[in-house]
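Now for the letters of each chain:
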Amino acid sequence: MDKKESFQADAIHGLRSEEVEKQRQQYGYNEIEEHEETAWHRMFRRFWGPIPWMIEAAAVLSALAQRWEDLIIILVLLFVNSGVDYYQESKALSAIKVLKQKLARMALVLRDGKWIQLPSRELVPMTSSNSKAAILSPPMPSS
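A quick note: this is a predicted structure, and the numbers were derived from the prediction, not measured.

Thresholds, definitions, all that
Counting restarts for each chain: residues are numbered from 1 in the order of the written sequence. For a predicted model such as this one, the threshold for reporting local features is a pLDDT of at least 70, and the threshold for listing and counting side-chain atom pairs is 80 or more; totals across whole chains, interfaces and linings nevertheless cover every residue. To get the side-chain values, all heavy atoms of the structure are used, and hydrogens and water are removed first. Segments assigned H or I by DSSP are reported as helices when at least four residues long, segments assigned E as strands when at least two residues long, and all are numbered from the N terminus. Whether a residue is buried, partly exposed or exposed follows from its accessible area with a 1.4 Å probe, protein chains only, as a fraction of its type maximum: under 20%, in between, or over 50%, in that order. Two residues form a contact once any of their heavy atoms are found within 4.5 Å. The Shrake-Rupley method, run with a 1.4 Å probe, gives the accessible areas here. Residue values count only the displayed protein chains as cover. Cavity and pocket criteria rest on a 1 Å grid covering protein atoms alone: a 1.4 Å probe that fits but cannot get out defines a cavity, protein on both sides within 12 Å along at least 5 of 7 lines defines an open pocket, and an atom within 4 Å of a point defines a lining residue. Grid points are joined across faces, edges and corners, and a volume is the space filled by probe spheres set on the points. Polar here means any residue outside two lists: the nonpolar Ala, Val, Leu, Ile, Met, Phe, Trp, Tyr, Cys and Pro, and the charged Asp, Glu, Lys and Arg; Gly therefore counts as polar. A helix is expected to reach a length of 1.5 Å times the quantity of its residues less one. Our arc is simply the arc of the directions from the helix axis toward the C-beta atoms. By convention in these notes, a salt bridge is any Lys or Arg side-chain nitrogen within 4 Å of a carboxyl oxygen on Asp or Glu.

Draft legend 1. A look at the overall build of the protein chain. The helix and strand inventory of the protein chain stands at 6 helices and 3 strands. From first element to last, N terminus to C terminus, the protein chain shows the α and β order α-α-α-α-α-β-β-β-α. Counting the 143 residues in the protein chain, one finds 20% classified as buried. The long-range fraction of contacts in the protein chain, counting pairs at least 24 apart against all pairs at least 6 apart in sequence, stands at 54%. Carbon together with sulfur atoms contributes 63% to the accessible area of the protein chain, which is approximately 11,400 Å² in total.

If you want it as C-alpha cells, here you go:
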C-alpha cells in the first residue's frame, strides 16, 4: 500500500489508538502552558523602557536643578501614564480570559473508525475531525 492509499484509509477510519498514543508521546498534549504575571511585575514594567527612562531622567534632572514644580508635574505624569497603561492591560487580559473560556474545549474526531467526542487537548497531528462540531460544542463546565 502506498502513501496515498494509506492516507485515504486513515481518512475513512481515522487514527488507531496505538498511533494516537505514539504521537502523544512524541508531541505531547495539544495545549500551551500559561504563565500568569504577578500584578507587581506588570506594574514595574510600566517604569522600564526607553520612554519611561527619558521621563525618569527628566525627573532626576529637575530634582538636581531644584525645580520642584517641574519635578512634581513630571512625576504625576509618569504615575498617571503608568496607571492608565496598567488599567488598559488589565482590561485586555480580562477580555482574553473570556475569549479562552468561549473556545471549544471538545472536538468530534474519527478514531478507530468511530466518531467520538474528546477534549481538544487530546488532539494529535493527523486527526480527522469535524471542525463545525468542535466550534459549536459548548464549553465543558470547569470542576
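Let's pick the thread back up.
Draft legend 2. Quick peek at the environment of Leu-15. For Leu-15, the position within the fold is in the loop between helix H1 (3-13) and helix H2 (17-27). The spatial distance from the C-alpha of Leu-15 to the C-alpha of Val-124 is 9.4 Å, given a sequence separation of 109 residues.

Draft legend 3. Representation of the layout of surface pockets within the structure. Taken as a whole, the largest pocket encloses approximately 820 Å³ of empty space. It is helix H5 (residues 68-102) that contributes the most residues to the lining of the largest pocket, 8 residues altogether. Within the lining of the largest pocket, the residues separate by chemical class into 5 nonpolar, 6 polar and 11 charged.

Draft legend 4. Region of interest: the side chain of Ser-82. Turning to its location among the elements, Ser-82 is positioned in helix H5. On the accessibility criterion, Ser-82 (2% relative accessible area) is buried. Ignoring anything within four residues of it in the chain, the contact list for Ser-82 reads Arg-46 and Phe-47.

Draft legend 5. Representation of helix H4 (residues 50-64) in the model. With 15 residues, H4 should reach 21 Å at 1.5 Å per residue; the first-to-last C-alpha distance of 21 Å fits that figure. Inspection of H4 places Pro-52, Ala-59 and Ser-62 among the buried residues, and these make up the whole buried set. When H4 is viewed along its axis, its buried side chains cluster within an angular range of 85° and face the same direction. Among the exposed residues of H4, those pointing more than 90 degrees away from its buried face are Pro-50, Met-54, Leu-61 and Leu-64. Next to the buried residues of H4 lie H5.

Draft legend 6. Focus on the pattern of salt bridges. Across all of its chains, the model carries 11 salt bridges by this definition. For the salt bridge of Glu-122 with Arg-24, the shortest nitrogen-to-oxygen distance reads 2.9 Å. Of this pair, Glu-122 sits in the loop between strand E2 (114-119) and strand E3 (128-130) while Arg-24 is found in helix H2, placing the two residues 98 residues apart along the sequence. Note that Arg-42 is salt-bridged to Glu-89, the shortest N-O span being 3.4 Å. Here Arg-42, found in helix H3 (residues 39-44), pairs with Glu-89, found in helix H5; they are 47 residues apart in sequence, far enough to count as distant. Residue classification places Arg-42 among the buried residues on the basis of a relative accessible area of 10%. Taken together, the salt bridges that share partners define one network made up of Glu-37, Arg-42, Arg-45, Arg-46, Asp-85 and Glu-89.

Draft legend 7. Structural view of H5. Along its 35 residues, H5 runs 51 Å from first to last C-alpha, staying within 8% of the 51 Å computed at 1.5 Å per residue. Among all positions of H5, only Leu-71, Ile-74, Leu-78 and Ser-82 are buried. Buried residues along H5 sit against H4.

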